[in-house]
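Overview (structure and organization)
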Amino acid sequence: MAITLKFCGATRTVTGSCFLVRTPKVSFLVDCGMFQGHKTLRELNYGTFPFDPKRIDLVLLTHAHIDHSGLLPKLWKLGFAGPVLMTRGTRDLLSFMLPDSGHIQEVDVENLNRRYARRNRGQIEPMYTSADAEACQENFRTVEYSTWTEAAEGVRVRYWNAGHILGSASLEVEIATGRDDQRFLRLLFSGDIGPEHKLFHADPEAPNNFDYVICESTYGGRRRTRASEDDRRVLLAQMVKDALRADRMLLLPLFAVERTQEIIADLTRLQQSGAIPPVPIFLDSPLAIRITKVFQAHARELEGVGERSLLTNPNLRFTETVEESKAIDRISGGAIVIAASGMCDAGRIRHHLKRWLWTEQATVLLAGFQAHGTLGRLLADGVDAVTIQDELIKVRATIRQTDLYSGHADGDELAEWLAERQPIARALFLVHGEDEAINALRDRMVASGMAPSRVVAPVLDDEMDLLSDGVGPRPRSGPRRLEPEVIGHADWHNDLARFTLDVREAFDRAADDRSRAVLIRRLRRALAGEPADDAKR
Ligand SMILES: [Zn+2]
């Protein structure tokens, strides 16, 4: 009998979480997430799954974030008809998040098709629509925390609070092996793990003693600023006051789920105590508005919310319509604008960045993880110009970054969490992290006594035989969708974008039209593969 685990995403990168477990009786996925970040990676969303959706019996979902759940409607569209198990919090969040994701794709495809039509290229279809995303939810089933659920024949699962976002869980999975020497294989999928002392949630928990632990490592190499709730608010207040001086704008690109609600809770407290000016706070994201209401409905499960409503701030304005959103452009006198997406690669924040990035009248405060290849990462890296919707925009606004509001455990906290899961009899798989983070956490686990051969960082589409004799997993070889070295690094699309910016700069700087003509001639020669003028003898 073979039990295998295939890594269909989140290998050496932080998105596209999806793990396929196969036993002779069932096949199930843990998460079915969307790839985000650079274009080569995002194109995987449009390709075929590395398995047949019709032959998947069920999905166990760790939490609602799109990089863990975003391909569920596609899976359903392609014939998956089994149940999807999740907590109630996750289900309530997804009831808005998945249709929103479908809507984003419809709009993106509409824009692309308009461009393609102008270039005489064929039209494309969205991966799934908002209607697909509604329909796929008919198979969602909720489970209770800390309670065993018989998920399928020979497979049971227990959900544990992961302290990451509302409804998030680490999954303890037991699989019957049919063997006398070891009747069950015990697996733990960490999901995303929250930091200690996070606003809204108790510290992450889970049992110990596993055969395999599949652990995220987003911040495996980082030690974050440790700040108490009061310290955090003092630091935020200072950043907000700096940003708003002389009636300027503060733009907060935020993840609609949880980060937005945490920041609103803190800004509300700071305005109530008079620590920051009572400027309007625009929540310019229909999704974030709905999600904020889900948080309200779950207020009793959230720590530190109590009787205090998240929505009682009289300065908080919800902008639902596009017209209301556009009206923010004309604001004077200082304001805070919160809009998605958190990595600036989609959503209304791009409109505000286009409006304000080129002026010195705004501050952009990045308060979340910025993956390679996203606009947010470029801004964090301090580039002096970016392109938004094909338009070149100089960056004159102040760009600041803070790690005070992470939804993820840092290196120390991950190591502590893993120490509490020991013994790990066979292997620890490190996933959901870029190379530096994974390497740092691996070194740490080896230093703490784990054999190097038992700390494994899989690459995309690796498949492991979990019951092989000997301690660790035995890799199986099979086809791969992408070469490992492409993942987790800026790709040629980024290089091309940079190069295009450099070309435009060179033309801007050129002394006169004559030198511009020379530049064009040289570039044309290079494109034709001819040697440049000065290389000729
Ligand atoms: Zn997450």
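Each remark here, short or long, concerns the structure printed above.
What counts and what doesn't
Residues numbered from 1 in each chain as written. Predicted model: local features only at pLDDT ≥ 70, side-chain atom pairs only at ≥ 80, totals over all residues. Heavy atoms only, no water. Helix = DSSP H or I, 4+ residues; strand = E, 2+ residues; numbered from the N terminus. Expected span 1.5 Å × (residues − 1). Buried < 20%, exposed > 50% of the residue type's maximum accessible area, 1.4 Å probe, protein only. Contact = heavy atoms within 4.5 Å. Donors = N, O, S within 2.8 Å, 3.2 Å for Na, K, Ca; no water. Tetrahedral: all angles 85-135°; square planar, octahedral: opposite > 155°, others 65-115°. Pairing = 2+ DSSP bridges. Axes fitted to C-alpha atoms, helices over the stretch in contact; angles between N-to-C directions. Patch = residues over 30% accessible without salt bridge, like charges linked within 9 Å, V, L, I, M, F, W, Y side chains within 5 Å. Areas by Shrake-Rupley, 256 points an atom, 1.4 Å probe, with all protein chains shown as cover. Salt bridge = Lys/Arg side-chain N within 4 Å of Asp/Glu carboxyl O. Lys, Arg positive; Asp, Glu negative; His and termini not counted. Charge placed at Lys NZ, Arg CZ, Asp CG, Glu CD.

Next up on the list: helix H6 (residues 229-244). An ideal rise of 1.5 Å per residue puts 22 Å on 16 residues; H6 measures up with 22 Å between its terminal C-alpha atoms. Here H6 has its buried residues at Arg-232, Arg-233, Leu-236, Ala-237, Met-239, Val-240, Ala-243 and Leu-244. On its buried side, H6 packs onto strand E12 (249-253), helix H7 (259-272), strand E15 (335-339), strand E16 (362-366) and strand E19 (398-401). Of the residues trailing H6, Ala-246 is marked for its positive phi of about 55 degrees.

At the metal site, the zinc ion is ligated by His-63 (NE2), His-65 (ND1), His-164 (NE2) and Asp-192 (OD), and these contacts range over 2.1 to 2.3 Å. Here the zinc ion is ringed by four donor atoms whose angles at the metal span 92 to 163 degrees, and the overall shape comes out irregular. The class for His-164 is buried, based on a relative accessible area of 2%. When its relative accessible area of 2% is taken as the criterion, Asp-192 is described as buried.

Now for H7. Three or four residues apart is the spacing at which side chains of an α-helix point the same way, because the helix has 3.6 residues per turn. For H7, with 14 residues, the first-to-last C-alpha span of 20 Å sits near the 20 Å given by 1.5 Å per residue. Of all 14 residues that make up H7, twelve are buried, and the element is covered over most of its length. Residues of H7 that are buried: Arg-259, Thr-260, Gln-261, Glu-262, Ile-263, Ile-264, Ala-265, Asp-266, Leu-267, Thr-268, Leu-270 and Gln-271. Two residues or fewer past H7, Gly-274 is found with a positive phi of approximately 80 degrees.

This part covers the sheet that holds strand E10 (residues 184-189). With mixed pairing, the seven strands of this open sheet are ordered in space as E7-E8-E9-E10-E11-E20-E21. In this open sheet, the two strands that pair with only one neighbour each are strand E7 (149-152) and strand E21 (455-456). Where E7 meets strand E8 (residues 155-161), three bridges bridge the pair, whose relative direction is antiparallel. By the bridge assignment for E8, Ala-152 is matched with Val-155. The sheet strands contacting helix H12 (residues 411-421) are strand E9 (169-176), E10, strand E11 (210-216) and strand E20 (424-431), and the helix crosses E11 at an angle near 165 degrees. Packing of helix H13 (residues 435-447) onto the sheet brings it into contact with E11, E20 and E21, and relative to E20 it is tilted by some 160 degrees.

The subject of this paragraph is a positive patch on the surface. Judged by side-chain charge, Lys-39, Arg-42, Arg-118, Arg-119 and Arg-121 come together as a positively charged surface patch. Within the secondary structure, Arg-119 sits in the loop between helix H4 (88-118) and helix H5 (130-135).

Bringing the sheet that holds strand E2 (residues 19-22) into the picture now. Taken in spatial order, the eight strands of this open sheet run E6-E5-E4-E3-E2-E1-E22-E23, and their pairing is mixed. Two strands lie at the open edges of the sheet, namely strand E6 (140-142) and strand E23 (474-476), each paired on one side alone. The sheet shows a mean angle of 25 degrees between the axes of neighbouring strands, direction not considered. Where strand E5 (residues 84-86) lies against E6, three bridges are found, and the strand directions are parallel. Directly across from Met-86, in E6, lies its bridge partner Thr-142.

One pass over the structure, following the stated rule, counts 33 salt bridges. Ionic pairing is found between Arg-444 and Asp-412, a salt bridge with its closest N-O pair at 2.8 Å. Linking Arg-444 in helix H13 with Asp-412 in helix H12, this pair joins segments that are 32 residues apart in sequence. By relative accessible area, Arg-444 is classed as partly exposed at 33%. The residue Asp-461 makes a salt bridge to Arg-481 at a minimum N-O spacing of 2.8 Å. With Asp-461 in the loop between E21 and strand E22 (463-465) and Arg-481 in the loop between E23 and helix H14 (492-509), the pair connects residues that are 20 residues apart, well separated along the chain. A relative accessible area of 27% places Arg-481 in the partly exposed class. Beyond isolated ion pairs, a larger network of salt bridges with shared partners links Arg-156, Arg-158, Glu-172, Glu-174 and Arg-186.

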